[in-house]
Amino acid sequence: MSDRTSTPKTRVALVFGGRSSEHAVSCATAASVLEALDRTRYEVIPVGIAKDGHWVLAADDPEPLRLGRGHEPEVDGGSASVVVPTSATDRTLVVHEAGEPPRTLGEVDVVFPLLHGPFGEDGTIQGLLDLADVRYVGSGVTASAVMMDKAMMKTVLAAAGLPVGPYVVITDRDWRRDPEAAMASVGGLRLPVFVKPARAGSSIGISRVSSMADLEAAVEAARVHDPKVVVEQGISGREIECGVLEGHGTDAARTSELGECVVVANHDFYDFDAKYLADDDVRLMTPADVPAATAARIREMAATAFEAAGCEGLARVDFFLTDDGEVVVNEVNTMPGFTPSSMFPRMWAATGVSYPELIDELIALALERRTGLR
Ligand SMILES: Nc1ncnc2c1ncn2[C@@H]1O[C@H](COP(=O)(O)OP(=O)(O)O)[C@@H](O)[C@H]1O
Ligand SMILES: [Mg+2]
């Protein structure tokens, strides 16, 4: 911890960008958080991770980070390098700029990893920060890794008694050894199926396949993002989501009012464009119009999913609600979309927690936590 007599503000390193295909989404989230952080209470150090994985000191300016049609924001890898500590004995961030002596940024109290997808939301950054004994917002290594991997996630959720839909995993070895056999393994699922990279997000690399003739191309498309592929039986139902926040101390996890994503037009499913670009094509309804008993059941399931993998901080649990009232867990996001118009903050707003309060809460939970094994 830093010396609180000389630095009364909490020093927060916002880490964003990253190597995954959700780089731009992460930048957009960082823009919102930079804007919302109360500067009377927090000293903010914006740290960008370029697409090649290079860590840089970023500008404290939300404007260039916003996402819109025709503008995919990107971290400028040419800025001064930031070196993160790799040992628990020296927890200072150091900046290296060409032609200048290294400059220390001092210790940070907490890292807020606003990263989506692999090399960020999947336990890798969490592992790096654990090595340095640095506190951070959100889940630790195991929960992050398990929830990032849609195959692992289903295994853990099913073991906790939660309903997951029928699916098949096609590993890299399966595919390279015998693609015909791998495709035949999908035969037990009813069409349409959803073919997904096991570890991705924002619908990137996902195809809806309604004819087996299109399966091979869909698997190849998913493999561009991850050599491990999950094929799921399509579930026809409403898409209902629930926000979860860790409890303080020994308190149970808290769940938000539910939200519903209604994709209005022009999209096969809730794809990347519907999520981030085509504002008019998707409606996020908060709170979702779901019967009270069903809502209570879904909220309980969300908390169970959160606990099942030992999540910390926050998660958004996504469900399908079928016409006959059946609830199936689709996925758990340990770093859900986090702009004020994203579902997670909106669900909490509907529950009485504003966006700045949500940020305060996440930082408070991270600061409360001990480092090391928990
Ligand atoms: N098994 C499924 N049945 C029906 N729709 C699905 C299924 N899996 C995914 N989808 C659709 O694709 C979207 C993205 O899939 P999801 O698994 O949530 O991936 P991501 O991690 O990229 O958000 C979902 O929001 C939903 O619209
Ligand atoms: Mg999703």
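This one's a predicted model, so the numbers in the text were calculated from it and none came from an experiment. (Residues numbered from 1 in each chain as written. Chains lettered and ligands numbered in written order. Predicted model: local features only at pLDDT ≥ 70, side-chain atom pairs only at ≥ 80, totals over all residues. Heavy atoms only, no water.)

Quick word on the pattern of salt bridges
Part 1 of the reasoning: As enumerated under the stated definition, the model contains 21 salt bridges in all.
Part 2 of the reasoning: Residue R199 is joined to D226 by a salt bridge in which the shortest nitrogen-to-oxygen separation is 2.7 Å. Highlighted residues: R199 in the loop between β9 (193-197) and β10 (207-209) and D226 in the loop between α7 (215-223) and β11 (229-233), separated in sequence by 27 residues.
Part 3 of the reasoning: On the basis of relative accessibility, which here comes to 32%, the residue R199 falls in the partly exposed class.
Part 4 of the reasoning: Taking relative accessible area as the criterion, D226 reaches 3% and is therefore assigned buried.
Part 5 of the reasoning: Salt bridges linked by common partners bring D172, R176, E220 and R223 together as one network. (Salt bridge = Lys/Arg side-chain N within 4 Å of Asp/Glu carboxyl O. Helix = DSSP H or I, 4+ residues; strand = E, 2+ residues; numbered from the N terminus. Buried < 20%, exposed > 50% of the residue type's maximum accessible area, 1.4 Å probe, protein only.)

A closer look at the pairing of strand β5 (residues 92-96)
Part 1 of the reasoning: Bridge count for strand β4 (residues 81-83) against β5 is 3 bridges, and the pairing is antiparallel. Among the inter-strand pairings, V83 is bridged to a residue of β5, identified as V94.
Part 2 of the reasoning: Pairing of β5 with strand β6 (residues 103-107), which is carried by 4 bridges, proceeds in the antiparallel orientation. Bridge pairing in β6 places L93 opposite G106.
Part 3 of the reasoning: Connecting the antiparallel pair β5 and β6 is a turn made up of 6 residues, with G99 showing a positive phi of about 75°. (Pairing = 2+ DSSP bridges.)

Regarding the site of ligand 1
Part 1 of the reasoning: In the vicinity of ligand 1 lie 19 residues, with K150, K196, S203, I235 and E239 positioned nearest.
Part 2 of the reasoning: At a separation of 3.2 Å, an oxygen atom of ligand 1 approaches a polar backbone atom of S202.
Part 3 of the reasoning: Alone, ligand 1 offers 540 Å² of accessible surface; in the complex the protein occludes 95% of this.
Part 4 of the reasoning: The residues that make up the shell around ligand 1 include at least three from each of domain 2 (147-164 + 236-368) and domain 3 (167-233). (Near = heavy atom within 4 Å. Polar contact = N/O pair within 3.5 Å; in protein donor to acceptor, adjacent residues only side chain to side chain. Areas by Shrake-Rupley, 256 points an atom, 1.4 Å probe, with all protein chains shown as cover. Domains from an automatic or database assignment.)

Regarding the domain arrangement of the protein
Part 1 of the reasoning: Domain annotation of the protein identifies domain 1 (10-136), domain 2 (147-164 + 236-368) and domain 3 (167-233).
Part 2 of the reasoning: A C-alpha centroid distance of 25 Å is found between domain 1 and domain 2.
Part 3 of the reasoning: Taken together, the contact between domain 1 and domain 2 spans 28 residues of the former and 21 residues of the latter.
Part 4 of the reasoning: Regarding the contact of domain 1 and domain 2, the summed buried area is about 2000 Å², with carbon and sulfur atoms giving 70% of it.
Part 5 of the reasoning: The largest share of the area that domain 1 buries against domain 2 comes from R69, F112 and E121, three residues that together contribute 26% of it. (Contact = heavy atoms within 4.5 Å. Buried area = accessible area lost by both parts, 1.4 Å probe.)

Regarding the packing of helix α3 (residues 141-148) against helix α4 (residues 150-159)
Part 1 of the reasoning: With their axes 5 Å apart at the nearest point, α3 and α4 run at an angle of 110° to one another. Put simply, α3 runs roughly perpendicular to α4. For the pair α3 and α4, the contacting residues are V146, M147 and M148 in the first and K150, M152, M153, V156 and L157 in the second.
Part 2 of the reasoning: Across the contact of α3 with α4, the residue classes tally to 7 nonpolar, no polar and 1 charged. (Axes fitted to C-alpha atoms, helices over the stretch in contact; angles between N-to-C directions. Parallel < 35°, antiparallel > 145°, perpendicular 65-115°, else oblique. Nonpolar A, V, L, I, M, F, W, Y, C, P; charged D, E, K, R; others polar.)

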